Amino acid sequence: MGVEEQRAGKFYVERDVLDELCLDQVARRRTPSTTPPLKERVKDSLRCSMPKLKRSVLSTLPVLSWLPRYSVRDNGLGDLISGISVGIMHLPQGMAYALLASVPPVFGLYTSFYPVLVYCILGTSRHISIGTFAVISIMIGSVTERLAPDSDFTFLNGTNGTAVLDVTARDAYRVQIAASTTVLSGLFQVLLGMVRFGFVVTYLSEPLVRGYTTGAATHVVISQLKYIFGIHPARFSGPLSQVYILIDICRHLPETNIGTLVVSLVALVVLIVVKELNSCYEKKLPLPIPIELIVIVAATLISYYGNLNSQYDVAVVGEIPRGLKSPCLPDVSLWGTVVGDAFAVAIVGYAINISLGKTFGLKHGYKVDSNQELVALGLSNTVGGFFQCYSVTSSMSRSLIQESTGGRTQVAGVVSSVIVLITVLQLGTLFGELPKAVLSCIVFVNLKGMFKQYLDIPALWKSNTVDLVWLVTLVCTILLNLDLGLAASIAFSLLTVIFRTQLPRYSILGQVPGTELYLDTDTYEEMTVYWTPPLFVCWFVPQAKEIPGITIFRSSTTVYYTNAELYLDALQKKSGIDVGKLLTRKKKRDAKKKRKDKKEKKAKKEAKKQNGVNGHLPNGTVHPEDKVDVEKGSPDLKENRTDIALTDRPTNGQVNWAYEQQWTGLDLGSETGSHGDDAITQTSSTVGEETRGRSSDTHTIILDLSTASFVDTVTVMMLNNIFRDYREIDIDIYLAGCQVCVVEQLSRASFFSESIPKSRLFTTVHDAVLHSLRLQGASDVPIYECALDMACTTKM
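Draft legend 1. Looking closely at the overall build of the protein. Scanning the protein from terminus to terminus reveals 33 helices and 16 strands. For the protein, the proportion of its 796 residues judged to be buried stands at 44%. Looking at the protein alone, contacts between residues at least 24 apart form 80% of all its contacts between residues at least 6 apart. Surface summary for the protein: the accessible area is close to 42,600 Å², and the carbon and sulfur share equals 61%.

Draft legend 2. Representation of a positive patch on the surface in the model. On the surface, a cluster of positive charge is contributed by Lys601, Lys604, Lys605 and Lys609. Within the secondary structure layout, Lys601 lies in helix α25 (residues 579-613).

Draft legend 3. Seen up close, the nonpolar core. Among the nonpolar cores identified, the biggest contains 88 residues, and Met139 and Leu439 are the most heavily contacted of them. The element contributing the most residues to this core is helix α16 (residues 335-364), with 10 residues. Apart from the residues lying within four places of it in its own chain, the contact partners of Leu439 are Pro92, Met95, Ala96, Leu99, Ile296, Val317 and Leu434. If you look at the next biggest cluster of nonpolar residues, it comprises 35 residues, including Phe553, Ala708, Val711 and Ile729.

Draft legend 4. How the structure looks around helix α31 (residues 740-748). Buried within α31 we find Val742, Val743 and Leu746. Burial along α31 is one-sided: seen end-on, the buried residues are contained in an arc of 100 degrees. Summarising the contacts, the buried residues of α31 are in contact with α2 (20-27), α30 (713-728) and β15 (761-762).

Draft legend 5. Representation of the packing of helix α11 (residues 206-229) against helix α12 (residues 241-252) in the model. At their nearest, the axes of α11 and α12 sit 10 Å apart, and the two run at 30 degrees to each other. As far as their axial angle goes, α12 and α11 are roughly parallel. α12 is crossed by α11, and the crossing has left-handed handedness. Of the residues in α12, those in contact with His219, Ile222 and Leu225 of α11 are Gln242, Ile245, Leu246 and Ile249. Of the residues in the contact of α11 with α12, the class split is 5 nonpolar, 2 polar and no charged.

Draft legend 6. Just empty space enclosed by the protein, in detail. Tallied over the entire structure, the rule returns 5 cavities of 30 Å³ or more. Roughly 100 Å³ of volume is contained in the largest cavity. Along its surface, the largest cavity is lined by 14 residues, and Val116, Cys120, Ile128, Ile130 and Gly413 are the ones closest to its centre. Of all the elements in the fold, those that place two or more residues in the lining of the largest cavity are α8 (114-122) and α19 (411-427). No other element matches the 3 residues that α8 contributes to the lining of the largest cavity.

Draft legend 7. Expanded view of the packing of aromatic side chains. As enumerated under the stated definition, the model contains 18 aromatic pairs in all. Between Tyr304 and Tyr305 the ring centres are 5.0 Å apart and the planes differ by 85 degrees, which places this aromatic pair in the edge-to-face class. By relative accessible area, Tyr304 is classed as exposed at 51%. With 5.9 Å between their ring centres and 70 degrees between their planes, Phe723 and Phe751 make a pair best called edge-to-face. Here Phe723 is found in helix α30, whereas its partner Phe751 is found in the loop between α31 and β15, with 28 residues between them in sequence. In terms of burial, Phe723 and Phe751 fall into one category: buried. Cluster of aromatic residues (ring-pair linked, three or more members): Phe113, Tyr114 and Phe387.

Draft legend 8. Region of the structure containing the pairing of strand β6 (residues 506-511). Burial analysis of β6 places 6 of its 6 residues in the buried class, the great majority of the element. Residue alternation in β6 divides its side chains into two sets, Tyr506, Ile508 and Gly510 and Ser507, Leu509 and Gln511, and both sets are buried. Where β6 and strand β10 (residues 550-555) come together, 4 bridges link them in antiparallel fashion. Considered in β10, the bridge of Ser507 is made with Arg554. For β6 and strand β7 (residues 518-520), the ladder comprises 3 bridges, and the chain directions are antiparallel. From the neighbouring strand, Leu509 faces β7, where its bridge partner is Asp520. Turn length for the β6-β7 hairpin, with the two strands adjacent in sequence and antiparallel, is 6 residues, and the turn residue Gly514 shows positive phi of about 85 degrees.

Draft legend 9. Quick peek at a nonpolar patch on the surface. A contiguous nonpolar patch, built from Phe236, Leu240, Val243, Tyr244, Ile247, Tyr454, Ile457, Leu471, Val475 and Leu479 and spanning about 760 Å² of accessible area, is present on the exposed surface. Secondary-structure elements contributing two or more residues to the nonpolar patch are α12 and α23 (469-502). Judged by relative accessible area, Ile247 falls into the partly exposed class, the value being 44%.

Draft legend 10. Molecular detail of the sheet that holds β6. The strand order across the open sheet built from 6 strands is β7-β6-β10-β13-β14-β15, with neighbouring strands paired in mixed fashion. Edge positions in the sheet fall to β7 and β15, since each of these pairs with one other strand and no more. Judged from the 2 bridges that link them, strand β14 (residues 732-736) and β15 form a sheet pairing that is parallel. The partner of Ala736 across the bridge, within β15, is Phe762.

Draft legend 11. Structural context of the side chain of Arg174. By secondary structure assignment, the location of Arg174 is in helix α10 (residues 167-194). With relative accessibility at 7%, the residue Arg174 sits in the buried group. When neighbours within four sequence positions are excluded, Arg174 is seen to be in contact with Ser102, Val103, Thr144, Glu145, Ala148, Pro149 and Asp150.

Draft legend 12. Structural detail: unusual backbone geometry. You will see that Ser102, though not glycine, has its phi angle at about 60 degrees, which is positive. Within the secondary structure layout, Ser102 lies in the loop between α6 (72-100) and α7 (105-111). The backbone phi angle of Asp313 is positive, close to 55 degrees, even though this residue is not glycine. Locating Asp313 in the fold gives a position in the loop between α15 (308-312) and α16. The exposure class of Asp313 is exposed, given its relative accessible area of 57%.

Draft legend 13. The pattern of salt bridges, seen in detail. The tally for this structure, following the rule as stated, stands at 19 salt bridges. The closest approach of N and O atoms between Asp150 and Arg174, which form a salt bridge, is 3.2 Å. Residue Asp150 is located in the loop between α9 (134-147) and β3 (154-156), and its partner Arg174 is located in helix α10; the two are separated by 24 residues in the primary sequence. The shortest N-O distance in the salt bridge between Arg760 and Asp732 comes to 3.9 Å. Within this pair, whereas Arg760 is found in the loop between α31 and β15, its partner Asp732 is found in strand β14, the two being separated by 28 residues in sequence. Residue class for Arg760 comes out partly exposed when judged on its relative accessible area of 23%.

Draft legend 14. Layout of the packing of helix α13 (residues 258-280) against helix α20 (residues 436-446). Here α13 crosses α20 at 35 degrees, and the two axes come no closer than 9 Å. Crossing geometry of α13 relative to α20 is assigned as right-handed. Seen from α13, the contacting residues are Thr260, Val263, Ser264, Ala267, Leu268, Leu271, Ile272 and Lys275; seen from α20, they are Ala437, Val438, Cys441, Ile442, Phe444, Val445 and Asn446. In terms of residue class, the contact of α13 with α20 is made up of 11 nonpolar, 3 polar and 1 charged.

The rules behind these values
- Residues numbered from 1 in each chain as written.
- Predicted model: local features only at pLDDT ≥ 70, side-chain atom pairs only at ≥ 80, totals over all residues.
- Heavy atoms only, no water.
- Helix = DSSP H or I, 4+ residues; strand = E, 2+ residues; numbered from the N terminus.
- Buried < 20%, exposed > 50% of the residue type's maximum accessible area, 1.4 Å probe, protein only.
- Contact = heavy atoms within 4.5 Å.
- Areas by Shrake-Rupley, 256 points an atom, 1.4 Å probe, with all protein chains shown as cover.
- Patch = residues over 30% accessible without salt bridge, like charges linked within 9 Å, V, L, I, M, F, W, Y side chains within 5 Å.
- Salt bridge = Lys/Arg side-chain N within 4 Å of Asp/Glu carboxyl O.
- Lys, Arg positive; Asp, Glu negative; His and termini not counted.
- Charge placed at Lys NZ, Arg CZ, Asp CG, Glu CD.
- Core = buried A, V, L, I, M, F, W, Y, C linked by side-chain atoms within 4.5 Å.
- Arc of directions from axis to C-beta.
- Axes fitted to C-alpha atoms, helices over the stretch in contact; angles between N-to-C directions.
- Parallel < 35°, antiparallel > 145°, perpendicular 65-115°, else oblique.
- Left-handed = near helix turned anticlockwise from the far one by under 90°.
- Nonpolar A, V, L, I, M, F, W, Y, C, P; charged D, E, K, R; others polar.
- 1 Å grid on protein atoms, 1.4 Å probe; cavity = no way out; pocket = protein on both sides within 12 Å on 5 of 7 lines; lining within 4 Å.
- Points joined across faces, edges and corners; volume = space filled by probe spheres on them.
- Phe/Tyr/Trp six-rings, centres within 6.5 Å; stacked < 30°, edge-to-face > 60°.
- Pairing = 2+ DSSP bridges.

Listed below in structure tokens is the structure:
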């Protein structure tokens, strides 16, 4: 029934054939508005008014737009519960991710406090949770470990000659490096936001971001294995460093601390089981079980009362100072060393933040300003860096908890910051005996979502086998480290776009009988079923039929400087017309004809002189014997006359080059004394070459440019050359389906002229086909059957 209803609809159109000139008159194109000069635009931007000032203040400080309208009755309870839940998650994740950044755990708590408050004032997303994140933490950790390795803080004990590591000095310098990198990355984000550079994230496609975060998760796992096994592998940097670290970890496995391994296994089992229960009973539980906080409290108590550090050499967090750090200036001298890492952190952090923010914005129906998010995240990092925090971004796990527990505004972030503040001021010192292995287990379990992204590979492979951005990004991130891996991944992603435009699909279009539709002749076919008892016999006949004499050519992408030459080659290959060979042969024919005419003139002059002496009477009449010879004529002369008549005969409105070549060959044969079989052999071979050079019945080529979104100078030159070359071999070229912006660009490039008027440009392929057939019909060319079918539905 549905198919019948879809087929029931019909429409009939009766209009004139529209080229570009007619379209301008019918559609009444507007005069393009001129852009004000730069001086006027600068003056306009500097003018100040109260509405403009209000908009600027509200866009810069979004808190002023939502806080005055905040409803405690509607949003207060949900934000309170959500803030407490997220604050409880901040505690274990802050301390655990601090290990990834290679700084003391208390600085992870600082990072969960200051930047969150700044974002609540400046951010435009209501549901994301700003704070520590595994990928950003490991990026900061790679910088701190590279610039402050353990070897720089190891000295020999003068008493027994053993190597001693100055942990306090090392951690202080690493904190300084992390803070300086964070401030610089924050400044990058602020500057990019101020110049409205938020669109930069569009160059980080979703497969690239997911592949990068998955590769970074692999870095996280490898970096935490030393805490799980309680070993001390060597540190490596540069490309393939993760491979070397993994090999060194395997070499140190016999030195595994059994106590640390047992603590790790018990913590992993408990965390995984309870988190799976949270997932299974998500709808039944009012709040997820805070298993991470429970495990931290339990592990701290067991470690304290079991003396795990002193008896079993289990590494613990150590002393956690009470209170907050006073702000201090970053070490600017480090910026030259960490500038590349800071920029990578800024871009990756913003990409994760804006993708998550826009996801929640679309879900709940509010707008997230990409440029303001860049400024908000940059100021969060800049202010946090002065308080010795490291870089932050949004966390998927905490954001989901904030949304699912009823959080509706940024007030939830303020509540979570209060929970962290209470912990830092009063409860932080109680976690001094917490085993580091437990924090590593928390990191491992929270990476579950990232490792699930490996399931993207089958889906991406099915959707597009050529799109290898995800896999290449993963491999580059693992093998080349985080900074070089990101640069290589972006470069590869851009190259895939270039390769796609360089390898488009070129098609010859044919008309669907009885319609104005033109489809790829290689793609569409029609099945005709014949009943021949006792079997069905199926025949496939083309549905999109080429119109005799007209070639319609289309590319699946925009034509520009990288694929213009490929477009020209595909046009010649698909149409079967080798313009270069035809032009070369024509030049040779013209040269031969010119030489022949010159010889004929010379021969006539000589004959005239001879006739003046012999064979003519004094009054100029021909001698009777010579007159008889002329009237009889030779067989060769009669044969040449026939060929001349054929040469002057038009075929499909153009000169038939095969006949012209035949005439030239016979003349040359007779002139050089070759007759009979020699001339016939030369003529037949020439005709064969012409048949290979072009399709003799093609009189029109229509270029469908409906897929083009712009044209550059190379494209304009190429189109000019196509018009010029095909005009030389008497083939008409028409353009069809150009967008308005393309037509304007062609006009600005002085493409249209007396030789290429705008009447060569048609609104649709159908208009161009009808125009061509009408012209050919005026030259006594028969109207083809498919054209008659087309005229049945489109009344002209």
